[in-house]
Amino acid sequence: MEFSNHLVVYTLVVGIYYYFRRFQAAQAQQLAVAELQARLAQAQLENLRLQIQPHFLFNTLNTISSVMYEDVKAADEMITQLSDLLRLTLRASQSHEIRLAEEVEIARLYLHLMQRRYEEKLRVRYSVATDLADSLVPQLVLQPLLENSLRHGMKPGEAAMELSVAAYRENGSLILRVSDNGCGFPNGDAAAALGRGLGLVNIRNRLAQLYGNEQGLFLIGNAADGGAEITLRVPFRKAAAC
Amino acid sequence: MNAATPLRALVVDDEAPARRKVLRLLRDESDLQVVGEADGGEAAVAAICKHQPDVVFLDVQMPAMDGFRVVEALSASKIPLPEIIFITAHDKFALRAFEVHAFDYLLKPVSEERFRKSLERMREQRAQTGNGLEGRLKAMLAQIRLETSFPDRLLIHENDRAYFLAVRDISWIEAERNYLLIHCGRKTHTLRGTLDALEEALDPKLFVRLNRGSIARLEAIRELRPWFHGEYKVLLLDNTELRWSRRYLKSCPQLRKMAFSARSSRS
């Protein structure tokens, strides 16, 4: 009699303890999930703000509001280009990699608009082989590099800034290069440039995450003529046919 | 009353379409004459020194030398400063623009209405001070007065905000490591800085340094009680008790003028 009573009590206690622990674990997991979601939402919000780039937007709108009095058609084109740029940028940010053709189109739209702001002070050159259109590259790497060149590399005075965007295949890799003939990095110091918060660290980290340190390469430095030169290397892969 | 001489204006922006926009807006202002343009900071300083405009429309973000560095360079030179109207896509510089006494701060894309309002305000100001010799002298005197008088307000920066604190609301100020605690009745404001620096900004007719760590406003003092070693205990109206140390008593310039012995009530 005594023994079966003890057994019942014992089972009850163990049972309660077991379910209590499961309840605690479930709660902890719920909390962790909620925290993660909050952080993700925060990151997405920040990302969105970075993509919309309010200052680029305001400056471009200012240019449109000036150009429209001189050349309505050109102003109209700028409005279309700005909308396309925004649309492509938002779409690109939804995946880790996009087709090279899209990445270059984003760069082209961006540079078209910048040329309207700088007029003859900005010249652009593209060397992108057409057969590379479907190769995969990390999203939104070209535009931030071009923006850096324009923001930090412009020399004051009459001389025009020449930007060049190149993409070519080298064995099993795809090479992307952005270079300019501006001021370059001070003292050619790449490490200092990384520390300046130019978004270069972000790109380097993304490359490392996507391809590992072996396959992904990120080189920054000054070209022979003193301008900045940034080279990315990613494994050559084609987008799956849809 | 002399007829208003035209306002002389200069436009600075490294982007040509942005300059053209301002020039287009200025074309409709009949009392304004554009005397020059500049596409960069250095060019701006040179043009301003050469043409001596009354007002400069100044972009902030320009390569090599930005709008604020232009103002710095002009302040360091001998020429009278023109009125500055900053025009920029960034709203984060507004406070800094205020600190350099900019006349106005317009955001890109520039709204025609706000632009014209700004010019209207400038005309009103000039009408009040006049723009002949008398007007310029008055403006110079006002500037000198501004630079040598003591502010009746302190500009307090707190994280992202900034606000004014009337100096007459302060009871006493206490130093705490790198910070200053400004006691105003029931509120306390925290400010980074040193007591020595703040002392220079405060009118010695209103404020007195009591010891190494505190400054009190004279009118907030209720009474002083002589204490040991030639020191005084200072009782404020809000009952705070402070100590006026001997070292600072000795070096207090106002005290000699203020000290009188009252007839003892016992005689």
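### Concerning the pairing of strand S7 (residues 228–235) of chain A
Residue and element names in this part refer to chain A. Only one face of S7 is covered, namely the one carrying Ala-228, Ile-230, Leu-232 and Val-234; the face carrying Glu-229, Thr-231, Arg-233 and Pro-235 has none of its residues buried. With seven bridges joining them, strand S5 (residues 173–180) and S7 adopt antiparallel strand pairing. Note that in S7 the partner of Arg-177 across the bridge is Thr-231. Here six bridges tie strand S6 (residues 217–222) to S7, and the two strands are oriented antiparallel to one another.

### Comments concerning the environment of Glu176(B)
Residues and elements named next belong to chain B. With respect to the helices and strands, the residue Glu-176 is situated in strand S8 (residues 172–176). A residue is classified by how many C-beta atoms lie within 10 Å of it, and Glu-176, with 9 of them, is exposed. A sequence separation of 15 residues divides Glu-176 from Leu-191, and the C-alpha atoms of the two residues are 10.0 Å apart.

### As for the sheet that holds S6(A)
All names here are of chain A. Strand order in the open sheet made by the five strands is S2-S4-S5-S7-S6, with mixed pairing throughout. Edge positions in the open sheet fall to strand S2 (122–128) and S6, since each of these has one partner strand only. Strand after strand, the sheet turns through a mean of 10° between neighbouring axes, direction not considered. Inspection of the sheet shows S2 paired to strand S4 (residues 161–170) by seven bridges, in the parallel sense. Bridged to Val-124 within S4 is Leu-163.

### A few points about the environment of Arg20(B)
Along the chain, Arg20(B) falls in helix H1 (residues 16–27). Accessibility expressed as a C-beta count within 10 Å gives 18 for Arg20(B), which makes it partly exposed.

### Considerations on unusual backbone geometry
Geometrically, the link from Lys108(B) to Pro109(B) is a cis peptide bond, its omega value of -5° lying close to zero. Mapped onto the secondary structure, Pro109(B) falls in the loop between strand S5 (104–107) and helix H5 (112–129). Although it is not a glycine, Glu119(A) sits at a positive phi angle of roughly 50°. When you line up the elements, Glu119(A) lands in the loop between helix H4 (100–118) and S2. Despite not being glycine, Gln52(B) shows a phi value in the positive range, around 45°. Tracing the chain through its elements places Gln52(B) in the loop between helix H2 (41–51) and strand S3 (55–59).

Conventions adopted
Residues numbered from 1 in each chain as written. Chains lettered and ligands numbered in written order. Predicted model: local features only at pLDDT ≥ 70, side-chain atom pairs only at ≥ 80, totals over all residues. Buried ≥ 20, exposed ≤ 12 C-beta atoms within 10 Å, placed from the backbone. Helix = DSSP H or I, 4+ residues; strand = E, 2+ residues; numbered from the N terminus. Pairing = 2+ DSSP bridges. Axes fitted to C-alpha atoms, helices over the stretch in contact; angles between N-to-C directions.

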